[in-house]
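Here is how the chains run, residue by residue.
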Amino acid sequence: MVTVPFQAMLTVDTIPESFIRKFGSPPNISVHGLLAAFLTHGDPEDLVKYDLWKSVWPTRKDFEDSMPCLWPRDLRISNSEYDGADISHPSRAIFLSPSISGRWNTLRNRKIQQKECEYESHHQNLLAQQEKRLRTAWDSALAVFPDTDWETFSYYWFIVNTRSFYYVMPGNDPPEDRNDALALVPFADYFNHSDIACDADFNGKEYTFRAAKSYERGEEIFMCYGAHPNDFLFAEYGFFLEENEWEVLYLDDIVFRILSPSDRDELRLQQYYGEYRRNYQMTSAGVCYRTEIVACMKYMTRKDWRNYVLGISTKGVNAAKSLSIIQGWIRAYMKEADKTLAALNLKQESSQGSDEDRGKLEMLLRRWRQIRVLCDEAFKAVSC
Ligand SMILES: C[S@@+](CC[C@H](N)C(=O)[O-])C[C@H]1O[C@@H](n2cnc3c(N)ncnc32)[C@H](O)[C@@H]1O
């Protein structure tokens, strides 16, 4: 569909070296931060070639409307270290979903509320992770350009966040942090996202995008930004899909409530404790195998459980007991959805919600209704 030459791309390899050197050697700033800093402080002569492309970018107001990170504080309470909201206050409802906020309305006062992030969770605690990336980049930019304007820098930071592509020069190792493997690709960033996989490839000379199906004239052509669940799309791109092949909710916080320290050690030993991208998942088709394994742990002897996970014996496995535990976990998520939906409805009806907030509340309501439906479907799926 589209081929974009390397020279037109905005990458660490196309930014003038003199600019990058300002940040030290090696540069003391993330690639994401560097691209945002270049767009903020780069030489106008170097940036002029991007003017036509930039003129159709979203405005900062667009980001303020859609990106939870830029929402008013009461709508974006989270476990971010930069939040500082007093969540013990009785009227403090948490409106963002747990995968984004890392917080729950119905699990309040539980120890897990301050969840120890003991493993990398690519799809949980999203706002805290995003805010940390942004603030760290901001600090790095300020160290070199003390007069940096927050509104401008954060605008370009979100431009990079929502419009960049995976970028590693062929032959080079991918960077340690996947957030550093990115570049801006003019024109290709006009594609909206769909959950249908597509073919995108950078060969060192050009970035090529191929359609995964035939399109009719006038039909919108989509790209797939990745196998992202709706909470990830919401937090990172400011939208989510009605139907999403990759939709998933995480039961980690709920499951952890009933795990003793020795249970956790055992799970770690058997490699069923969290882990990158895998965690304890719930989809409309039910719960993942890892969640089922943890459920068994709650009623089996340690010896039987070990033999079961090692594939030696199924002694002690009781389908009815497992089902009841799993149903309890799904019910806990339903309760969270019901409580948050009630709080959102109340906020929407009350005068607290300004016109500015109305669209954001609508978005949150839509997301929580989706979550409630997914819980119902998962409950049905595990019960039949
Ligand atoms: C790379 S841009 C895609 C093109 C975009 N319409 C533009 O030129 O600004 C990513 C942004 O487009 C919007 N977007 C992408 N896919 C979408 C979709 N399926 N539904 C709604 N908005 C979408 C979101 O605002 C997202 O942050």
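No experiment lies behind these values; they were computed from the predicted model shown.

Let us look at the confidence of the model for the protein chain. The predicted coordinates should not be examined in detail at positions where pLDDT is low. The pLDDT averaged across the protein chain works out to 91; a share of 93% of its residues lies at or above 70. In the model, residues 109–117 has pLDDT below 50 throughout and makes 20 contacts with residues more than four positions away in sequence or in other chains. Among the prediction metrics, the complex's ipTM stands at 0.98, with pTM recorded as 0.94.

Here we come to the environment of phenylalanine 256. Tracing the chain through its elements places phenylalanine 256 in helix α10 (residues 252–256). Take phenylalanine 256: its relative accessible area is 3%, and that puts it in the buried class. Once the C-alpha coordinates of phenylalanine 256 and methionine 169 are considered, the two residues, 87 residues apart in sequence, prove to be 41 Å apart.

At a minimum axis separation of 11 Å, helix α9 (residues 230–237) and helix α15 (residues 355–383) run at an interaxial angle of 165°. With respect to their mutual orientation, α9 and α15 come out roughly antiparallel. Considering how the two elements wind past one another, α9 and α15 form a crossing that is left-handed. Mapping the contact onto sequence places Asn230, Asp231 and Phe234 in α9 and Met363, Leu364, Arg367 and Gln370 in α15.

The next thing to look at is helix α13 (residues 302–309). Among the residues making up α13, those that are buried are Asp304, Trp305, Tyr308 and Val309. Each buried residue of α13 sits inside an arc of 125° when the element is viewed along its axis, so together they form one side. Packed against the buried residues of α13 are α11 (261–269) and α12 (289–297). Backbone geometry just after α13 places glycine 311 at a positive phi near 80°.

Turning our attention to the domain arrangement of the protein chain. The domain architecture assigned to the protein chain consists of domain 1 (2–66 + 128–237) and domain 2 (248–382). Summarising the inter-unit geometry, the C-alpha centres of domain 1 and domain 2 are found 33 Å apart. Contacts between the two partners involve nine residues from domain 1 and, on the opposite side, 10 residues from domain 2. Carbon and sulfur atoms make up 53% of the area that domain 1 and domain 2 hide from each other, which totals about 770 Å².

Grouped together as the largest cluster of nonpolar side chains are 94 residues, with contacts concentrated most on Phe153, Leu267, Met282, Ile330, Tyr333 and Leu364. Among the elements that make up this core, the one with the highest residue count is helix α14 (residues 319–349) (11 residues). Residue contributions to this core reach at least three from each of two domains, namely domain 1 (2–66 + 128–237) and domain 2 (248–382). Residue contacts for leucine 267: discarding those within four places in its chain leaves Leu259, Tyr272, Tyr273, Tyr280, Val294, Met297 and Trp305. Counting residues in hydrophobic clusters, the runner-up holds 14 residues, among them Phe165, Ala183, Tyr207 and Met223.

What counts and what doesn't
- Residues numbered from 1 in each chain as written.
- Predicted model: local features only at pLDDT ≥ 70, side-chain atom pairs only at ≥ 80, totals over all residues.
- Heavy atoms only, no water.
- pLDDT = per-residue confidence, 0-100.
- Contact = heavy atoms within 4.5 Å.
- Helix = DSSP H or I, 4+ residues; strand = E, 2+ residues; numbered from the N terminus.
- Buried < 20%, exposed > 50% of the residue type's maximum accessible area, 1.4 Å probe, protein only.
- Axes fitted to C-alpha atoms, helices over the stretch in contact; angles between N-to-C directions.
- Parallel < 35°, antiparallel > 145°, perpendicular 65-115°, else oblique.
- Left-handed = near helix turned anticlockwise from the far one by under 90°.
- Arc of directions from axis to C-beta.
- Domains from an automatic or database assignment.
- Buried area = accessible area lost by both parts, 1.4 Å probe.
- Core = buried A, V, L, I, M, F, W, Y, C linked by side-chain atoms within 4.5 Å.

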